[in-house]
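Residue-level structure breakdown
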Amino acid sequence: MKTCLSTVFLILSFCSAHLFAQEVDTVPINTKGMEIKLKRSPLPSRQGPLNFEPVNIKPLVVNAKVNYWKTKTNIGINVNQAQFSNNWKGGGTNSVAVGGLINYKAEYSKDSYSYVSEVILQYGKIKNKDQLQKKTNDRIYWDNKASFQLSKSWFFFGSVTFESQFDSGYRYYRDGNGDEQQVLISRFMAPGYLTESVGFEYKPVKYFSTRIGTGTARQTFVLDTAVYDNKNEVYAVEKGKNIKNELAFQVVTAFDKDIFTNTNLKARYAMFIPYKDFQAKKIDHRLDIALTAKINRFMNTSLTGVMLFDDDTGTNKIQASQTLALGFAFTFPR
C-alpha cells in the first residue's frame, strides 16, 4: 500500500511539473482568511486636498531696440601707371591715372513708410607726359526719396535730387606752336541741377523700380560767369541770370541685382520731358550702367558707361563715356 501511494505521488509530481512548465501565469491562490501582513510603503503619503498658491515671477525686460535703418558704404580706388625708358622703340608715353568712388546708401523702412538717401561721389584724373592733366571722371549725385505704400507694388513718392561736379572741366586744343591749351567750360555749380519730383513709383521686386514724376521741377544753376566763354547762353541759362526753372514730366528707372556669383549689374535711366517746350530734341535722356565683378575680398574689376542726350549742354548728339578699371574695393558693413 505504501509503495502504491509513493508511485501515485511521483506521477502527480511529474504531471504538476509538466503543467507548470507549460503555463506562463502563476496559479491563483485564495488568501481569504489568511493572516498576511504587508509592509508599509516607505514613501510618504498625504491625505486631504492639495492647496496651490500662485508664484509671482518678475518679468524679464530685454533692453533691445528695433533698428529701422539700413546703411551701406562702398569705397573704390583705382590706380593705373605706365613708364617707358628713353630708348623704348615700341612707342608710348609715361602716364599716371588715379580714380576714386564713394557710394553711400541709407534706407529707413517702417510699416508703409520708407525713406532712401543715396550719395555717389566719383573723381578721377590722368596725367600723360608732355600733356596737361585731364579728368577721367567727376560727379556729385545725391538722391533723396520718401514714399508711402499704396498697394503691393505701387507707392506715392516725393524726391529731391542734386547733381554737380567737384573740379573744373576744360576743352583742349593745340595752338599754332603745337602746345596744348585749355578753355574752362564747367566747374562746381556751373552747371548744377536741383530736381524736385512728386508722383507714383512702381516697384514689383526689390531690385527694380520705376518712378513716374507727374509733377517735376528742375533748377539749373550756372554760378560762374567764366564758363560762358563769350557766349550769351550755356546749359540753357542766359548770361546774367545764373538760374533757370523748368516744369516737366520725369521717368526714372533703376535696376540693381547680382546677375552672377560675385557680379553685380547696376543701371539707371532718367528721362526729363519739359512741359513748356515739348519737342523731341528737348527731351533729356541719361543712362548710367555699372558692371562690377568681385575678384576677392578687397579687389574688383568694373566696367562703367554713360550715355547722355541733352540739347542744353550745347550739342544735339549723343554723348558717351566708358571706363574699365581694376582696383581696390571696401564695403561697410560687410
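Look above for the structure.
So, a few notes on the structure that sits alongside this text.

Turning next to the nonpolar core. Of all hydrophobic cores here, the largest spans nine residues; its members are Leu184, Ala190, Tyr193, Val222, Val227, Tyr228, Val234, Tyr235 and Val237. Every residue in contact with tyrosine 228, bar those within four places of it in the chain, is listed here: Val222, Glu233, Val234, Val237, Glu238, Lys239 and Gly240.

Pairing in this closed barrel of twelve strands is antiparallel, and the strands run β1-β2-β3-β4-β5-β8-β9-β12-β13-β14-β15-β16 around the ring. Shown here is a sheet whose adjacent strand axes are inclined to one another by a mean of 20°, direction ignored. Taken together, the twelve bridges between strand β12 (residues 243–260) and strand β13 (residues 263–274) define a ladder with antiparallel strand orientation. Paired with valine 251 across the strands is methionine 271, a residue of β13.

All right, on to the pattern of salt bridges then. Scanning the entire structure with this criterion turns up 16 salt bridges. Aspartate 229 is the partner of arginine 171 in a salt bridge, and the nearest nitrogen-oxygen pair spans 3.4 Å. Of the two residues, arginine 171 sits in strand β6 (residues 169–174) while aspartate 229 sits in the loop between β9 (208–221) and β10 (233–234), which places them 58 residues apart along the sequence. A residue is classified by how much of its surface remains accessible, and aspartate 229, at 32% relative accessible area, is partly exposed. Note that glutamate 246 is salt-bridged to lysine 244, the shortest N-O span being 3.9 Å. According to the relative accessible area criterion, glutamate 246 is buried, its value standing at 13%. Several salt bridges share partner residues, and in doing so they unite Arg139, Glu163, Arg286 and Asp288 into one network.

Time to look at the layout of surface pockets. Within this model, the second largest pocket holds a volume of roughly 320 Å³. What lines the second largest pocket is a set of 18 residues, among which Lys244, Glu246, Pro274, Lys276 and Asp277 lie closest to the centre. Looking at the lining of the second largest pocket, the elements that each hand over two or more residues are β12 and β13. No other element matches the four residues that β12 contributes to the lining of the second largest pocket. Class assignment of the residues belonging to the lining of the second largest pocket gives a composition of five nonpolar, one polar and twelve charged.

Cut-off values and rules
Residues numbered from 1 in each chain as written. Predicted model: local features only at pLDDT ≥ 70, side-chain atom pairs only at ≥ 80, totals over all residues. Heavy atoms only, no water. Core = buried A, V, L, I, M, F, W, Y, C linked by side-chain atoms within 4.5 Å. Buried < 20%, exposed > 50% of the residue type's maximum accessible area, 1.4 Å probe, protein only. Contact = heavy atoms within 4.5 Å. Pairing = 2+ DSSP bridges. Helix = DSSP H or I, 4+ residues; strand = E, 2+ residues; numbered from the N terminus. Axes fitted to C-alpha atoms, helices over the stretch in contact; angles between N-to-C directions. Salt bridge = Lys/Arg side-chain N within 4 Å of Asp/Glu carboxyl O. 1 Å grid on protein atoms, 1.4 Å probe; cavity = no way out; pocket = protein on both sides within 12 Å on 5 of 7 lines; lining within 4 Å. Points joined across faces, edges and corners; volume = space filled by probe spheres on them. Nonpolar A, V, L, I, M, F, W, Y, C, P; charged D, E, K, R; others polar.

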